[in-house]
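Secondary and tertiary structure notes
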Amino acid sequence: MTEISWFEILSRTTPKRPVQLDSLITDGQKPQPSGKVIFPEMDLTPSASLWERDASNPTYIGVRILQPPKSAHKIARVLAAAAMEREVLPVILCRVDYSGLEQFGFRVERIPDDPSAAQAAEEEIRKFWDLAIIIDGDEIALWSG
């Protein structure tokens, strides 16, 4: 994303939430899971130095969302400001159907609820995006005041 994109995210953050229309479309039925995450079991390795990366490649950070945040707009503001200031790109690792960060244009990766499947999925996504660090979304909400 460009710096202009982060300014756009900051300018449209609001506590208002869009109306959920999914129940009208799906008639109350849960969607069937699709795809299969396959990745070998392994311990998480310590992340590489967060800021000492090649300038031509962006630094990606993971933001773990375990439950819908009370104030997604505050988290969006903190993440957009960090993206501009530190040149990091957040990837949202979401275990809920809707985190609220989708409406601001963040990259959201869905993670299964099952703990072992969630760990495998996070590790696969960590490797794919070369995530420097994964932090909890609840902690970011505390930073925003």
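Since the structure is predicted, the reported quantities are computational estimates derived from the model, not experimental observations.

Considerations on the overall build of the protein chain
A count of helices and strands for the protein chain gives 5 helices and 4 strands. Shown N-terminal to C-terminal, the secondary structure of the protein chain runs as helices and strands in the order α-α-β-α-β-β-α-β-α. For the protein chain, buried positions account for 36% of its 145 residues. Long-range contacts, defined here as pairs at least 24 residues apart, represent 75% of the contacts in the protein chain between residues at least 6 apart. Of the roughly 9,600 Å² of accessible surface on the protein chain, 54% is carried by carbon and sulfur atoms.

Section: helix H3 (residues 72-86)
In this model, H3 (15 residues) spans 21 Å end to end at C-alpha, consistent with the 21 Å of a helix rising 1.5 Å per residue. Directly after H3, the chain includes Glu-87, whose backbone phi takes a positive value near 55 degrees.

With respect to the environment of Trp-129
Inspection of the secondary structure assignment puts Trp-129 in helix H4 (residues 115-129). Since its relative accessible area comes to 18%, Trp-129 is described here as buried. Along the sequence, Trp-129 and Thr-59 sit 70 residues apart, while their C-alpha atoms lie 9.0 Å from each other. Setting aside chain neighbours within four positions, we find Trp-129 in contact with Tyr-60, Val-91, Arg-107 and Glu-109.

Looking at H4
Between its first and last C-alpha, H4 extends 21 Å over 15 residues, near the 21 Å set by a 1.5 Å rise per residue. By the burial criterion, the buried members of H4 are Ala-118, Ala-120, Ala-121, Glu-122, Glu-123, Ile-125, Arg-126 and Trp-129. Each element contacted by the buried residues of H4 is listed here: strand E1 (59-65), strand E2 (88-94), strand E3 (107-110) and strand E4 (131-136). Phi turns positive one or two residues past the end of H4, at Asp-130, with a value near 55 degrees.

Some points on the pattern of salt bridges
A full pass over the atoms with the stated rule returns 6 salt bridges. Arg-64 is the partner of Asp-136 in a salt bridge, and the nearest nitrogen-oxygen pair spans 2.9 Å. Linking Asp-136 in strand E4 with Arg-64 in strand E1, this pair joins segments that are 72 residues apart in sequence. Exposure remark for Asp-136: the relative accessible area of 27% places this residue in the partly exposed category.

Regarding the sheet that holds E1
Taking strand neighbours across the sheet as the criterion, the 4 strands line up as E3-E2-E1-E4 in an open arrangement whose pairing is parallel. Each of the sheet's edge strands pairs with one partner strand only, and the pair in question is E3 and E4. Ignoring strand direction, the axes of neighbouring strands in this sheet form an average angle of 30 degrees. Here E2 runs beside E3; their pairing, made up of 4 bridges, is parallel. Across the sheet, residue Leu-93 finds its bridge partner in E3, namely Glu-109. Where H3 meets the sheet, its contacts fall on E1 and E2, and the angle it forms with E2 comes to roughly 150 degrees. Seen against the sheet, H4 touches E1, E2, E3 and E4 and runs at an angle of roughly 140 degrees to E4.

Scoring rules and cut-offs
Residues numbered from 1 in each chain as written. Predicted model: local features only at pLDDT ≥ 70, side-chain atom pairs only at ≥ 80, totals over all residues. Heavy atoms only, no water. Helix = DSSP H or I, 4+ residues; strand = E, 2+ residues; numbered from the N terminus. Buried < 20%, exposed > 50% of the residue type's maximum accessible area, 1.4 Å probe, protein only. Contact = heavy atoms within 4.5 Å. Areas by Shrake-Rupley, 256 points an atom, 1.4 Å probe, with all protein chains shown as cover. Expected span 1.5 Å × (residues − 1). Salt bridge = Lys/Arg side-chain N within 4 Å of Asp/Glu carboxyl O. Pairing = 2+ DSSP bridges. Axes fitted to C-alpha atoms, helices over the stretch in contact; angles between N-to-C directions.

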